[in-house]
Protein chains: 2
Amino acid sequence: MSKTDFDPIIDTTRRAEIVALLKRAVLTGKLEPGQKLNELRISEQMRVSRAPLREAMRELVQEGILTSIPYAGTFVIEVTAKDIEDAYSLNQVLDEFAIERTWPNRTKQFVAELDRRHDAVKRATLNVDTTGQIEAALQLHSLIHEWADHSLLLDTWLRLTSRLQMYFALHQRARNEPVPAIDVHEEYVRLLKGNDMKAAQRHAREHIALDFEELVAFAKNLEQRGAGDKSGAKRKRIDT
Amino acid sequence: MSKTDFDPIIDTTRRAEIVALLKRAVLTGKLEPGQKLNELRISEQMRVSRAPLREAMRELVQEGILTSIPYAGTFVIEVTAKDIEDAYSLNQVLDEFAIERTWPNRTKQFVAELDRRHDAVKRATLNVDTTGQIEAALQLHSLIHEWADHSLLLDTWLRLTSRLQMYFALHQRARNEPVPAIDVHEEYVRLLKGNDMKAAQRHAREHIALDFEELVAFAKNLEQRGAGDKSGAKRKRIDT
DNA sequence: TATTGCTATATTGTCGACAATCTGTTTTTC
DNA sequence: GAAAAACAGATTGTCGACAATATAGCAATA
């Protein structure tokens, strides 16, 4: 075998680019929950035909950030307080499992990457770009799932990440003020390097709980605001 | 509110039907792992154009039972022993969580449905249709996820179910002999009706482990058989 | 003989146009 | 005037054709 191994080439089809664009638009809040995605308009804006756009949308529907009603349209998912609570509780379960699986795999390289991402979080905190802060924090949290050597777990986590990123972005946009500047990850990183797995798991639970409590409160507010609607009534759809 | 509530009408687009057909073909083993899906041929066989077929395939790629290589084709996923072990371990984690969440929701209706599905399993055991047996067993296992009142968990479980169904179907096809006729679910159902949640969780772990042990052994055999290939070598692709 | 370059063919990716369906408005009917 | 029917507009679903790309086979070359 040759000395240098090459990875397979990155796929570059229009479809893949469209997926990335749409996903980013949803996860940063540029496309709001409930908003309808008009195929013709978007395809014209992106200068592509509807075929690859529709295929891209199918992917995102399956990924859970869009929802489709035949002959009616495709919409950004709505966000309820229950959705956020559910994401939170599943996150707890997955984190605990991920830590257990990652624990024996913690090499020097793992620790290095852990520090690198922690630094990225600290650097992002100084910045005003809230999207960057969210991404950096989620990247840090992703590490235990990436090192668990469990492709299904990673897959599940990445799917969950999409939703988390969307929730946090919504929250940030609504509050419109920077995230608390103090670094809550110091302890988390320290425990991941240590020898007490149970402690690390416990901390993951409790630490993440803090972030979520505010999120859920925020989402409940959102719902109260729109509580005039009848239960089964359709929300007014905002066109693209 | 009126006396009878109606569910939304089933969506009937070609795409949805194609998804169902393809999914069934993969999960029953009619389409084998690694097999390539030729768009033109399938679209002609189904008497549809490639557009809805391609959209359907995008969904199944995202659902994890197909995999796509740009300009090369879309294939049924390969199955390794590690994949099965991973599915098994994630299943354990999710089951434990599902039982915890379902526990307070166990109404009379839940018990009735539990019995109904258990009966379905027992009836399927008498039959020769192995596919039906697998589906019935998975339906029974699905119950705790459906009653957990946790849409993300259910979503994750359903995605996992696809893989499990495929693994079991492969196994059955390879062995080509009926599943053991004894009913291993009696205890499981009994515990789910009882008052000891921990016991139910423990049993779920151990009972499911039995089913999986044989599966994993089978998959390892499969890999040994094809172990002549070099590590990175492409498997020969079987065309549709 | 092994490697490189070219060619032919098959297959996937993308496009523009048409058909099916939904929604809101207008017209008809009682 | 109210309910039903018919119409109009817009949007999604589907189709057939073309463009871009990959694969296999063969020729050329060292």
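Residues numbered from 1 in each chain as written. Chains lettered and ligands numbered in written order. Predicted model: local features only at pLDDT ≥ 70, side-chain atom pairs only at ≥ 80, totals over all residues. Heavy atoms only, no water.

1. Some points on the sheet that holds strand β3 (residues 73–76) of chain A
Picture the strands of a sheet paired through backbone hydrogen bonds; they go either parallel or antiparallel.
Residue and element names in this part refer to chain A.
Next up, step 1: The antiparallel open sheet is built from three strands, whose spatial order is β1-β3-β2. The open sheet has two edge strands, β1 (36–37) and β2 (66–69), and neither has a second partner.
Next up, step 2: Sheet topology note: the β2/β3 ladder contains four bridges and is antiparallel. From the neighbouring strand, Leu66 faces β3, where its bridge partner is Val76. (Pairing = 2+ DSSP bridges. Helix = DSSP H or I, 4+ residues; strand = E, 2+ residues; numbered from the N terminus.)

2. Some points on the protein's contact with DNA strand C
Next up, step 1: Near DNA strand C there are 20 residues, and of these Arg14(A), Ser49(A), Asn38(B), Arg50(B) and Arg54(B) occur at the shortest range.
Next up, step 2: For DNA strand C, the fraction of atoms within 4 Å of the protein that belong to sugar or phosphate moieties is 75%.
Next up, step 3: Within the contact set of DNA strand C, a base nitrogen lies 2.8 Å away from a side-chain nitrogen or oxygen of Arg50(B).
Next up, step 4: A distance of 2.5 Å separates a phosphate oxygen of DNA strand C from a polar atom in the side chain of Arg54(B).
Next up, step 5: Of all the secondary-structure elements, those providing two or more residues to the surface near DNA strand C are α1 (14–27) and α3 (50–63) of chain A together with β1 (36–37) and α3 (50–63) of chain B.
Next up, step 6: Split into classes, the residues belonging to the surface near DNA strand C amount to eight nonpolar, four polar and eight charged. (Near = heavy atom within 4 Å. Polar contact = N/O pair within 3.5 Å; in protein donor to acceptor, adjacent residues only side chain to side chain. Nonpolar A, V, L, I, M, F, W, Y, C, P; charged D, E, K, R; others polar.)

3. Quick notes on the protein's contact with DNA strand D
Next up, step 1: Around DNA strand D, the structure places 20 residues, and the nearest of them are Arg50(A), Arg54(A), Tyr71(A), Arg14(B) and Ser49(B).
Next up, step 2: If you look at DNA strand D and keep only atoms within 4 Å of the protein, 75% of those are sugar or phosphate atoms.
Next up, step 3: One nitrogen or oxygen atom from the side chain of Lys36(A) is found 3.5 Å from a sugar or linking oxygen belonging to DNA strand D.
Next up, step 4: Within the backbone of Glu39(A), a nitrogen or oxygen atom sits 3.5 Å from a phosphate oxygen of DNA strand D.
Next up, step 5: For the surface near DNA strand D, the secondary structure elements donating two or more residues are β1 and α3 of chain A together with α1 (14–27) and α3 of chain B.

4. Some details on the packing of aromatic side chains
Note on aromatic pairs: each is described by the distance of the centres and the angle between the planes.
Next up, step 1: Inspection of every chain in the model, using the stated rule, returns two aromatic pairs over all chains.
Next up, step 2: Their ring planes at 75 degrees and their centres at 5.4 Å tell us that Phe110(B) and Trp147(B) sit as a pair that is edge-to-face. With Phe110(B) in helix α5 (residues 108–126) and Trp147(B) in the loop between α6 (130–146) and α7 (151–175), the pair connects residues that are 37 residues apart, well separated along the chain.
Next up, step 3: Over the face of the ring belonging to Trp103(A) we find Arg106(A), whose NZ or CZ atom lies 3.6 Å from the ring centre. (Phe/Tyr/Trp six-rings, centres within 6.5 Å; stacked < 30°, edge-to-face > 60°. Lys NZ or Arg CZ within 6 Å of the ring centre and 35° of its normal.)

5. Regarding the relation of the copies chain A and chain B
Next up, step 1: The transform that puts chain A on chain B rotates by 180 degrees and translates by 0.0 Å along the axis, for an RMSD of 0.0 Å. Taken together, the rotation angle and the small translation identify this as a two-fold axis.
Next up, step 2: Comparing interface residues between copies, 100% of those in chain A also sit at the interface in chain B, which points to an isologous, same-surface contact. (Least-squares fit on C-alpha atoms with pLDDT ≥ 70 in both. Contact = heavy atoms within 4.5 Å.)

6. So, the layout of surface pockets
Next up, step 1: Considering only enclosed or pocket space, the largest pocket measures out at about 900 Å³ in volume.
Next up, step 2: Residue assignment for the lining of the largest pocket shows that the elements contributing at least two residues are α3, β2 and α7 (151–175) of chain A together with α1, α3 and α7 of chain B.
Next up, step 3: When grouped by side-chain class, the residues that make up the lining of the largest pocket number ten nonpolar, six polar and 13 charged. (1 Å grid on protein atoms, 1.4 Å probe; cavity = no way out; pocket = protein on both sides within 12 Å on 5 of 7 lines; lining within 4 Å. Points joined across faces, edges and corners; volume = space filled by probe spheres on them.)

Read these as layout, nothing more, since geometry by itself doesn't imply function.
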